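Residues per chain, in single letters:
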Amino acid sequence: MSNTPGKGGLIAAGLGWGLALGVVLGALVLAPAIPRDSAAASGAAGAANEQAAEAELRAGAANELLAQESATIVRGKLTDVPVTIIRTEAASDDDVESVRWLLNAAGASDSGTLTLTERFTDQNSADELSTIVANTLPAGAQLSVDNRAPGTHAGELLGAVLVENSTEAAAQASDRQLVLETLQQAGFIQYSGSVVPARAVVIVHGQPETAGGAFGESMLGDFAKALAGSGTTVFATQANEPTQLDGVPVVGVVDTEAGRIAAVLAAA
């Protein structure tokens, strides 16, 4: 049997994707605070609870639809494009695995996965991270002199060793190994297996301010923007209304099918 969906299936998938974010966010809307000392207030609270339950059911149905059509939606969007996932400590294993599965369905090749540890976004470790960045920077790579934020310099360093683009070749394998091993030994990242040059990077994050508080969130934003200076970078987070970043596609609700599909399409 052919795997090519009919026109009706594609229309349904497209509509489902468009509706998914709305129904998922709708399910999260909190009912207004209502006094508990009147029958009318009790009735209003009951109606609000029923609406929330209905919205959650609709969100579940939308996710089921998208789960059935997700591979079709992204098919061929990243054929033979190596993509690295950089996950934060707060990212869900399920989100990371699902994004990787969809990247594979889009035709991407797996160029590796890195984890940014809690130490990476800890303000108390920022000076040490900056020192490592300065000492392991490959020949020819440059760090910003106008913006010396640790997240910015860390993004510029990893961009130099992880990303290749149409104008610059990736760093030498020995430079990449030095950077990754030094950062891992210092407790800033974790990785295993082969990490090869990527043409796109997807950063997967959990809920905001779960990694290093406000400082950590600011650092992750700086990191993503600097990484985007080397090549395509997408920031995918569980936040319903994520903070936007200049020059970086930001995708929310990555814990839903809609968010995961949007992250893969943004990488393409």
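Residues numbered from 1 in each chain as written. Predicted model: local features only at pLDDT ≥ 70, side-chain atom pairs only at ≥ 80, totals over all residues. Heavy atoms only, no water.

Draft legend 1. Quick look at the pairing of strand β2 (residues 109–116). Looking at chain direction, strand β1 (residues 82–88) and β2 are connected through 6 bridges and run parallel. What sits directly across from Val83, in β2, is Asp110. Running through helix α3 (residues 93–105), the crossover from β1 to the neighbouring parallel element β2 is right-handed. (Pairing = 2+ DSSP bridges. Helix = DSSP H or I, 4+ residues; strand = E, 2+ residues; numbered from the N terminus. Right-handed = clockwise from strand over helix to strand, strands pointing away.)

Draft legend 2. Summary view of the side chain of Thr233. On the secondary structure map, Thr233 appears in strand β5 (residues 232–236). A relative accessible area of 2% places Thr233 in the buried class. Within polar-contact distance, the side chain of Thr233 engages the backbone nitrogen of Ala228 at 3.4 Å. Within the structure, Thr233 has its side chain in polar contact with the backbone oxygen of Gly231 (distance 3.1 Å). (Buried < 20%, exposed > 50% of the residue type's maximum accessible area, 1.4 Å probe, protein only. Polar contact = N/O pair within 3.5 Å; in protein donor to acceptor, adjacent residues only side chain to side chain.)

Draft legend 3. Molecular detail of the packing of helix α4 (residues 126–136) against helix α5 (residues 150–162). At a minimum axis separation of 9 Å, α4 and α5 run at an interaxial angle of 30°. Classified by chirality, the crossing of α5 by α4 is left-handed. For the pair α4 and α5, contact is made by Ala126, Leu129, Ser130, Val133 and Thr136 and by Pro150, His153, Ala154 and Leu157, respectively. For the contact of α4 with α5, the residue count by class is 6 nonpolar, 3 polar and no charged. (Axes fitted to C-alpha atoms, helices over the stretch in contact; angles between N-to-C directions. Left-handed = near helix turned anticlockwise from the far one by under 90°. Contact = heavy atoms within 4.5 Å. Nonpolar A, V, L, I, M, F, W, Y, C, P; charged D, E, K, R; others polar.)

Draft legend 4. View of the layout of surface pockets. In this structure, the second largest pocket occupies an estimated 240 Å³ of space. For the second largest pocket, the lining is made up of 16 residues, of which Glu217, Phe235, Pro242, Thr243 and Leu245 are closest to its centre. Per element, the largest residue contribution to the lining of the second largest pocket is 6 residues, and it comes from helix α7 (residues 213–228). For the lining of the second largest pocket, the per-class residue count stands at 7 nonpolar, 5 polar and 4 charged. (1 Å grid on protein atoms, 1.4 Å probe; cavity = no way out; pocket = protein on both sides within 12 Å on 5 of 7 lines; lining within 4 Å. Points joined across faces, edges and corners; volume = space filled by probe spheres on them.)

These figures capture arrangement, not role.
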